[in-house]
Amino acid sequence: MRANGINRGTVPTLTILVAMTAFSIDVSLPAFPAISEALDVPSGSTHLIISAYFVSYALAQLPLGLLSERLGRLPVLYGGLTIFIIGGLIATYAESLTMLLLGRFIQGIGGGAGPVLSRTIARDISSGAQLGRMMSLLVSALAVSTIVGPIIGSLLVAWLDWSSTMAASVVLGLVCLPLVYCFVPETRGMNTLDTGNFLDHCKTFLRHRTAVVCSIMVALLFFGYMSFIASFSTIVADQFGRPPAEIGWYFAFFVCFYLLGASASRHLNGGKNNARLMDAAFVLMMTSVLLFALTYLDVAPVTAGLAGGMICFLLAKGCMFGLLSARVLTDLPGISGTASGIMGTMQVFAGFAGSATSAAIYHGDASSTVLILSTASVVMTLIYFWNRAAINTA
């Protein structure tokens, strides 16, 4: 046991809490075709299952962060987990798309507690290069969850039915409750707290240009990434004709590259390596744009061009996500809960916009996803090189 109640189980529990939301989304992806058939709704409508979750998840981020600075980290975390479980139960027993969307909406409110409080607690107990490594570890946990979730979802759909994928998230929420009780201490007050009100905290955040810029970049990253997640299963089924049981395996293959990027970031984090990692990530992003363009100009084969572009984008995301998140929180220890909430709100609203846009313009192939990924990549690259010096200054 270390000071302030931090122990060997603290960081692993934080990684599970971060992965909770990703798992609850990813485990349901292979079920989308089955949900469409069982509830008699168009395949494009199943994208709204992600959107419903992300609307409430986004709205909850900032209040959860602020409440954690008023009430403490643990009360907010316990409340969020309870709401997450209740919403999951509603989704599990839904008999219509409307009820399913309602359950996911409620679940999203509680689901925000895991990532927001994990980032906040990570900032409470670490700083500098250690914070960067911890954030990259949390990103790695997201990647692992994103790989494992669809595989479990595919197996559940094959063996049981689509509702079992919703029940899986309930089980994870129930597992998290005792883990938090045993391993996560109350860390509020471990750093000097800013005792101002909500508006004061927001003003403090907005005065830090680098924090704002990095939050915008995280948001754009998730705008592209969530369009990929929302459309992946329908692209594999509609454009390439693969059965639902195989979708999780294809998805896991691609997300392995996200994990590879996150692992590289975690092991190489620190000093001048941060700038090198960020530069490499944006080279990968622009490579993805080039591959997508060559595909739609009929220069590169469709399968190879799409796969290569998505692999480059996911590698880049893994490399930069932890670094950008740590950079947002580095200079703001006194308002880490609020800063985490603001960053999370921007991230999730952008993710919602990406998945909703994907659903709205989806036409049975990958063109809409390619357009969204390419747009996000180009805009992020321009922002990064305009602010490169500030972002890479520790």
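To start, this report covers the structure provided alongside it. (Residues numbered from 1 in each chain as written. Predicted model: local features only at pLDDT ≥ 70, side-chain atom pairs only at ≥ 80, totals over all residues. Heavy atoms only, no water.)

**Concerning the overall build of the protein chain**
To keep it simple, the criterion reads: Helix and strand assignments follow DSSP, with helices taken as H or I runs no shorter than four residues and strands as E runs no shorter than two, numbered in order from the N terminus. Partly exposed residues are those whose accessible area sits between 20% and 50% of the maximum for their type, while under 20% is buried and over 50% is exposed, using a 1.4 Å probe and protein chains only. In this analysis, two residues are considered to be in contact whenever any of their non-hydrogen atoms come within 4.5 Å of each other. Each accessible area is a Shrake-Rupley estimate made with a 1.4 Å probe; only the visible protein chains count as cover when residues are assessed. When charges are counted, Lys and Arg are positive and Asp and Glu negative, with His and the chain ends excluded. One atom stands in for each charge, and that atom is NZ of Lys, CZ of Arg, CG of Asp or CD of Glu.
Scanning the protein chain from N- to C-terminus turns up 16 helices and zero strands. The C-alpha extent of the protein chain, read off along each of the three principal axes, is 55 × 45 × 35 Å. The proportion of buried residues among the 394 residues of the protein chain is 58%. Summarising the internal contacts of the protein chain: among those between residues at least 6 apart in sequence, 85% fall at separations of at least 24. In the structure as shown, the protein chain presents an accessible area of about 14,700 Å², 69% of it carried by carbon and sulfur atoms. Of note, the protein chain has its 19 positive side-chain charges centred 18 Å away from the centre of its 16 negative side-chain charges.

**Observations concerning the nonpolar core**
If you look at soluble globular proteins, the nonpolar side chains tend to sit buried side by side. For the record, the criterion: Residue types Ala, Val, Leu, Ile, Met, Phe, Trp, Tyr and Cys, when buried and joined through side-chain atoms within 4.5 Å, form a set referred to as a nonpolar core.
Grouped together as the largest cluster of nonpolar side chains are 114 residues, with contacts concentrated most on Leu100, Phe228 and Met320. Per-element accounting of this core gives the leading share, 16 residues, to helix α10 (residues 209–238). Excluding residues that lie within four positions of it along the chain, phenylalanine 228 makes contacts with Phe251, Phe254, Met310, Leu314, Thr369 and Leu373.

**So, the pattern of salt bridges**
Our working rule: A pair is scored as a salt bridge if a Lys or Arg side-chain nitrogen falls within 4 Å of a carboxyl oxygen belonging to Asp or Glu.
Under the criterion given, the structure shown has two salt bridges. A salt bridge links arginine 73 to aspartate 124, with the nearest nitrogen and oxygen atoms 2.9 Å apart. Residue arginine 73 is located in helix α4 (residues 73–92), and its partner aspartate 124 is located in helix α6 (residues 113–125); the two are separated by 51 residues in the primary sequence. Comparing arginine 73 with aspartate 124 shows no difference in burial state: the two are buried. Linking arginine 388 and aspartate 279 is a salt bridge whose minimum nitrogen-to-oxygen distance equals 2.6 Å. Taken as a pair, arginine 388 in helix α16 (residues 388–391) and aspartate 279 in helix α12 (residues 273–296) lie far apart in primary sequence, 109 residues in all. Owing to a relative accessible area of 32%, arginine 388 belongs among the partly exposed residues under this scheme.

**Focus on empty space enclosed by the protein**
Operational definition: Computed over the protein atoms alone on a 1 Å grid, cavities are sets of points where a 1.4 Å probe fits but cannot get out and pockets are open sets with protein on both sides within 12 Å along at least five of seven lines; a residue lines them when it has an atom within 4 Å of a point. Grid points are joined across faces, edges and corners, and a volume is the space filled by probe spheres set on the points.
Under the counting rule described, the total for this entry stands at one cavity of 30 Å³ or more. By volume, the largest cavity is sized at about 270 Å³. Together, 23 residues line the largest cavity, and Ala22, Tyr57, Leu142, Phe222 and Gln347 are the ones closest to its centre.

**Observations concerning the packing of helix α1 (residues 10–26) against helix α8 (residues 163–183)**
Quick note on the threshold: Axis definition: a line fitted to C-alpha atoms, limited for helices to the stretch in contact. Angles are taken between N-to-C directions and run from 0 to 180 degrees. By definition in this entry, angles of less than 35 degrees are roughly parallel, angles greater than 145 are roughly antiparallel, angles of 65 to 115 are roughly perpendicular, and the rest are oblique. For a crossing to be left-handed, the near helix must be turned anticlockwise from the far one by less than a right angle; the clockwise case is right-handed. Each residue is assigned to one of three groups, with Ala, Val, Leu, Ile, Met, Phe, Trp, Tyr, Cys and Pro labelled nonpolar, Asp, Glu, Lys and Arg labelled charged, and all others, Gly among them, labelled polar.
Packing of α1 against α8 leaves a shortest axis separation of 10 Å and a crossing angle of 160 degrees. Here α1 lies roughly antiparallel to α8, going by the angle between them. Crossing of α1 against α8: the hand is left-handed. Across the interface between the two elements, Thr10, Thr13, Ile16, Leu17, Met20, Phe23 and Ser24 of α1 pack against Ala168, Ser169, Leu172, Cys176, Leu179, Val180 and Phe183 of α8. When grouped by side-chain class, the residues that make up the contact of α1 with α8 number ten nonpolar, four polar and no charged.

**Things to note about the side chain of threonine 120**
As for its placement among the helices and strands, threonine 120 is situated in helix α6. Those residues in contact with threonine 120 that sit more than four places away from it in its chain are Arg73, Ser336, Gly337 and Ser340.

**Structural notes on the packing of aromatic side chains**
The following threshold applies: Here a pair means two rings of Phe, Tyr or Trp (six-membered ring of Trp) with centres within 6.5 Å. Their orientation is stacked below 30 degrees between planes, edge-to-face above 60, and tilted elsewhere.
The final tally for this structure, using the stated rule, is ten aromatic pairs. Their ring planes at 65 degrees and their centres at 5.0 Å tell us that phenylalanine 222 and phenylalanine 321 sit as a pair that is edge-to-face. Remark: phenylalanine 321 occurs in helix α13 (residues 302–330) and phenylalanine 222 occurs in helix α10; sequence separation between them is 99 residues. We note that phenylalanine 222, like phenylalanine 321, is buried. Judged by centre distance (5.4 Å) and plane angle (85 degrees), the rings of phenylalanine 253 and phenylalanine 257 are edge-to-face. Placement of the pair is phenylalanine 253 and phenylalanine 257 together in helix α11 (residues 244–268), with a separation of four residues, close to one helical turn. When its relative accessible area of 46% is taken as the criterion, phenylalanine 253 is described as partly exposed. In this structure an aromatic cluster arises from ring pairing among Phe222, Tyr225, Phe228, Tyr258 and Phe321.

**What about the side chain of glutamine 61?**
On the secondary structure map, glutamine 61 appears in helix α3 (residues 48–71). The class of glutamine 61 is buried, set by a relative accessible area of 1%. Excluding its chain neighbours within four sequence positions, the residues that come into contact with glutamine 61 are Gly112, Val116, Arg119, Ser340, Gly341, Gly344, Thr345 and Val348.

**Observations regarding the packing of α1 against helix α7 (residues 128–159)**
Their axes nearest at 8 Å, the elements α1 and α7 cross at an angle of 40 degrees. What the angle tells us is that α1 and α7 run oblique. Seen from above, α1 lies across α7 with right-handed handedness. Note on element contacts: α7 touches α1 through Met134, Leu137, Leu138, Ala141, Leu142, Ser145, Thr146, Gly149, Pro150 and Ile152, opposite Val11, Leu14, Thr15, Val18, Ala19, Ala22, Phe23 and Asp26. The residue inventory of the contact of α1 with α7, partitioned by class, reads 13 nonpolar, four polar and one charged.

**Some points on a nonpolar patch on the surface**
The line we're drawing: Like charges are joined within 9 Å and nonpolar side chains (Val, Leu, Ile, Met, Phe, Trp, Tyr) within 5 Å, but only among residues with over 30% relative accessible area and no salt bridge; these make up the patches.
On the surface, a nonpolar cluster with roughly 390 Å² of combined accessible area is contributed by Leu59, Ile83, Phe105, Ile109 and Phe349. Within the secondary structure, isoleucine 109 sits in helix α5 (residues 97–111).

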